Amino acid sequence: MSNLKSVSIFFKVILFLAGTAMPLWAFGQQFIVQDSLGRPINLTQDSLRQDSIIRDSTRQDTAKKGNDAGGLTSIVLSNAEDSTRTDRKNNQLHLYGNAKIKYEDMELTADYIRIDNTTRTMFASGMVDHNGKYKGRPIFKTATDPPVTVDSLIFNFDSKKGKTYGVFTEMDGASIQAKEIKKNEYNEQFIRHGFYSTCNLPFPHTHFGIQMSRVILTENQVVSKSAYMVVEQVPLRFIMIPFGFFPKTNKRQSGILFPTFGEDFSRGFFMRDGGYYIGINDYWDAELRGNLYSKGSWEANARVRYKKNYKYDGGFSLRYAYTKNGEENTPGFSRAKDFNITWNHSQRQEANPGTTFSASVNAGTGSYFSNTAAGGSYDYNQLTRNNMSSSIAYGKTFADGKVNFTSSLSHRQDISTGAVNLELPTFNLNVATFNPFDSKNRVGEQKWYQRITMGYSVQGKNSINAGDSVLFTKETLKKMQNGIQHNIPISMSLNVAKYFQFNTSVNYTERWYFQSIRKFYDNTPAGYEEVIDTVQGFNRAYDYSFSSGFSTKIYGQKNFKGKLAAIRHVITPSVNFNYRPDFSESKYGFYREQLYADGTPALDNQGRIQKYSIFQNAIYGTPGSGRSMGIGFSIDNNLEAKVRSEDDTTGTGFKKVPILQGLTFSGNYNFVADSFNLSNISFSGRTALFDQKLGLNFNGSFDPYRYETYTTPGSSAVSYRRINEYAIKGGQLARLTQFGLSMDFSFNPAAAKSRNNNLNEMDKNKANMTPEQQQELARISSDPNAFVDFNIPWNIAASFSFQYSKPFAESRITSTINLHGDFSVTPKWKIQYNTGYDFQMKKIALTQFNIYRDLHCWDMSFGWVPFGTYRSYTFNIRVKASILQDLKLTKRNDYYNSF
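(A) Looking closely at the overall build of the protein chain. In terms of regular secondary structure, the protein chain is built from six helices and 52 strands. The long-range share in the protein chain, meaning contacts at least 24 apart out of those at least 6 apart in sequence, stands at 52%. Surface summary for the protein chain: the accessible area is close to 51,000 Å², and the carbon and sulfur share equals 55%.

(B) Seen up close, the packing of aromatic side chains. Summed over the entire model, instances satisfying the criterion amount to 34 aromatic pairs. Ring centres of Tyr542 and Phe590 lie 5.3 Å apart, and the angle between their planes is 90°; this geometry places the pair in the edge-to-face category. Here Phe590 lies in the loop between β34 (564-580) and β35 (591-593) and Tyr542 lies in strand β32 (residues 527-551), a separation of 48 residues in the sequence. Owing to a relative accessible area of 22%, Tyr542 belongs among the partly exposed residues under this scheme.

(C) Geometry of the nonpolar core. With 24 residues, the main nonpolar core has Leu108, Ile113 and Met122 as its most contacted residues. Residue assignment for this core shows that the elements contributing at least two residues are β3 (92-103), β4 (106-116), β5 (121-125), β9 (148-156), β11 (174-183) and β13 (208-217). With five residues, β4 is the largest single contributor of residues to this core. Filtering out sequence-adjacent residues up to four positions away, Ile113 remains in contact with Leu93, His94, Leu95, Ala99, Lys100, Ile101, Leu108, Met122, Phe123 and Ala124. Counting eleven residues, the second largest nonpolar core, distinct from the first, contains Tyr513, Ala541, Tyr591 and Ala618.

(D) View of the side chain of Asp822. Positionally, Asp822 belongs in strand β46 (residues 812-826). Accessibility expressed as a relative area gives 12% for Asp822, which makes it buried. Side-chain polar atoms of Asp822 contact the side chain of Lys830, separated by 3.1 Å. Once you skip the residues sitting within four places of it in the chain, Asp822 turns out to touch Ile792, Trp794, Asn795, Lys830, Ile831, Gln832 and Tyr833.

(E) Highlighting the pairing of strand β30 (residues 481-496). Bridge count between strand β29 (residues 453-467) and β30: nine bridges; the pairing is antiparallel. Counterpart to Thr453 in the pairing with β30 is Ser491. Where β30 meets strand β31 (residues 500-524), 14 bridges bridge the pair, whose relative direction is antiparallel. By the bridge assignment for β31, Ile490 is matched with Val506. Hairpin connection between β30 and β31: a loop of three residues separates the two successive antiparallel strands, and Ala497 in this loop has a positive phi of roughly 55°.

(F) Inspection of the environment of Lys729 at higher detail. As for its position among the elements, Lys729 is in the loop between β43 (718-726) and β44 (735-746). Each C-alpha atom, one on Lys729 and one on Arg706, is 8.7 Å from the other, the two residues being 23 residues apart in sequence.

(G) Layout of unusual backbone geometry. Going from Leu424 to Pro425, the amide bond is cis rather than trans, its omega being -15°. Mapped onto the secondary structure, Pro425 falls in strand β28 (residues 419-434). Of note in this structure, Asn91 is not a glycine but carries a positive phi near 60°. Position of Asn91 relative to the elements: it lies in the loop between β2 (83-87) and β3. Even without glycine at this site, Arg120 takes up a positive phi of about 55°. Mapped onto the elements, Arg120 comes out in the loop between β4 and β5.

(H) The pattern of salt bridges, seen in detail. Applying the stated rule across the entire model yields 18 salt bridges. The shortest N-O distance in the salt bridge between Glu287 and Arg305 comes to 4.0 Å. Of this pair, Glu287 sits in strand β21 (residues 284-293) while Arg305 is found in strand β22 (residues 298-308), placing the two residues 18 residues apart along the sequence. One network of salt bridges, in which partners are shared, links Asp285, Glu287, Arg289 and Arg305.

(I) Representation of the pairing of β9 in the model. Pairing geometry for β5 and β9, over five bridges, is antiparallel. In the strand pairing of β9, Ala124 is matched with Leu153. Two strands pair when backbone bridges link them, and strand β8 (residues 139-141) and β9 are joined in this way by two bridges, in the antiparallel orientation. Within the sheet, the bridge partner assigned to Ile139 lies in β9 and is Thr149.

(J) Layout of the environment of Ala351. Looking at where Ala351 falls in the secondary structure, it is placed in the loop between β24 (334-347) and β25 (355-364). Here Ala351 falls in the partly exposed class, since its relative accessible area comes to 28%. Sequence spacing of Ala351 and Tyr312 is 39 residues, and the spatial spacing of their C-alpha atoms is 7.8 Å. What Ala351 contacts, discounting residues up to four positions off in sequence, is Tyr310 and Lys311.

(K) Up close: the environment of Gly395. Note that Gly395 resides in strand β26 (residues 387-398). Along the chain, Gly395 and Leu429 lie 34 residues apart, while their C-alpha atoms are 9.8 Å from each other. Gly395 has contacts with Gly354, Thr355, Thr356, Phe405 and Thr406, leaving out every residue within four places of it along the chain.

(L) Seen up close, the confidence of the model for the protein chain. Predicted confidence across the protein chain gives a mean pLDDT of 77, with 75% of residues reaching 70 or more. Every residue in residues 779-786 is under pLDDT 50, and counting partners more than four places away or in other chains gives 18 contacts.

About the cut-offs
Residues numbered from 1 in each chain as written. Predicted model: local features only at pLDDT ≥ 70, side-chain atom pairs only at ≥ 80, totals over all residues. Heavy atoms only, no water. Helix = DSSP H or I, 4+ residues; strand = E, 2+ residues; numbered from the N terminus. Contact = heavy atoms within 4.5 Å. Areas by Shrake-Rupley, 256 points an atom, 1.4 Å probe, with all protein chains shown as cover. Phe/Tyr/Trp six-rings, centres within 6.5 Å; stacked < 30°, edge-to-face > 60°. Buried < 20%, exposed > 50% of the residue type's maximum accessible area, 1.4 Å probe, protein only. Core = buried A, V, L, I, M, F, W, Y, C linked by side-chain atoms within 4.5 Å. Polar contact = N/O pair within 3.5 Å; in protein donor to acceptor, adjacent residues only side chain to side chain. Pairing = 2+ DSSP bridges. Salt bridge = Lys/Arg side-chain N within 4 Å of Asp/Glu carboxyl O. pLDDT = per-residue confidence, 0-100.

Okay, structure coming up:
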């Protein structure tokens, strides 16, 4: 079957050469292959292997060497469902009805097989049934090759030559048909009246194809007579290729990558994506591409891919662009130099057990995608992205998996502001929890002290935050923050009085920093200004806390008669006692008084001396100020109904319907605080309504204290501050200071289920995908509109987000709604839409429409953004087979191209 791959490669070359000159019209007739009965037939490749020596055995017996009248000298395993007839006069064996012949890894199935021992030949074909249909065509397959269907075949055992008629096969995502294929003893194949097509139907409709009169296939070369393209059953004979000669190799070949041509409104005429492909070896390849524009802009791109089976794969690219927009010496003229670097690497887990390494890098100038229109791809997701991120991670386990070490380099970049955060590097070492007082040879249940568990972890981090234009300057590098944090948790859990769970824990945290700060107010002509100095040197910061509490579950159920069978309520209350010292005391040295330049302490609006932490804004934070000794509490609620099923006729079938899930209230009361002893009361919950079609999540917080207004001396501005007085004294139980609500609704849950099932199926084959296919899978996984399923006739889905905040007198509300879905106009036509509305901005969000047409072996799509910043339309038609995705026709008109 390896020869078939060379046929496919040869046809693709012809297809490209003919496609570059394809006109919109042509004259002529298409050649249609017919069988011996005058009916159109399917066509494929030679199905007989050179080393297939068929041996006679009508009942799986063995024919001895040197037997009579030229009998076959080898074994054939044969049977037939209908009948088997031996013609001794003509020395022939006839098999009828799903006849099968097996030899080693070869198997031939046909409705009729004849073995002639006199001429040492075999003939196989289908048969005409009582309806006049030709059925039971020969199917040839081996253990390594896919099945091949033919109209009929003949094979000579002496000359090792075979001939097939009406051959059809698929190879590399395309279909090859031929009226006749012959094969000789030198493993050479001869194709007569062949046809190459992107469609797998016997009579392709919407397709591109090539008609060939003669083709010779040898081990090292492909030789062809005349060939011409056929488009929509119209042969383009006037662009016929008179002959072709192509070398055939089993390794990657370097060659020219042909560009595309067009015009850009701001940058002029262009020649895009031209370059050179370099087939380095079986594991590496590379592409060098460039874009040239008539108004002076240019882009260069170097891309390298690598893969080693069962070990690792990945690729990296470097893109550089020089962009000129507008006319020189005009107000709108601008120049820009941009670059972008990407690197993706993944390692198979079995390649190095216990060790992991991965990389996902996307870094560069923030204006690269907008200035270059995403490298000329006009990818909407790239054009509208507002951030870039990268991560390179390494991990290793030790001590039989009890110790885990990870390290990473990461990068986050806000494209709109230019802010960059680098972590170079971070590391984590975690030791699995263990029971220090337990014994390996313990007999019986654990005693209370044997239930004590202990763990240990250490983290380290180096971090830089700066703008992308000054990222690697000396002043920025001096501002690098770093630190190491150790954490030792000790805990114990016991069952008490059968129904209660008792938990107690002690947590110790120590931080090592290599810099600290000093703050003071400096007297300037404009008034007092806060000055912050950074002091280099090693410092320790530690804290510890203690917590102990109980939790239980309370069940309640109310039964009813009728369709509603019962309502069940599960309450999970918990209460804990917690203690933490005041680490702002002077004996610890973590906090200092903030002073004016003359040494006078600064006071807050409550008249108290201001204190600041010398580790303010440090990577791992600072020990807490103020002593805490209080009681924490939370109440979790789950409410569900049991409903009798209408589909159940026995009366014993029930269905659970969630009413309210995870409704939780939590807070803390600090006994030793000098004011505001009670914390804010936070709450959250979720539910699903209308048979799981509507998902609803909410959260918020209540402030139990009142607030008052005040004015700063010398200013008329009104400010607000909390006062140590409960809101209930003013007639309110508590003040709602924050509330969030989000909803997701789908009128057709089958659409989401179908999408998830298809993505899960594709995800199973991710290891066998190319990097481009893996990126495409990731894109449709995150974008619901990127997946088109013609099996789902319609889908309407919506999401709503609402946020409310009112810390004092003024409130702020943001709310948005998004609507997306699709519907099939016919089984082959689908319309997809996505729109939304921002109630705060009072404007319509991004609106898109996409129209898809299933053309069997082709896809056609039309996308339209009717208004807004990124208004555009695109038209795309391409082959479905992934191997032929480069064969496509695209027409686009977008915001970047105003023509």
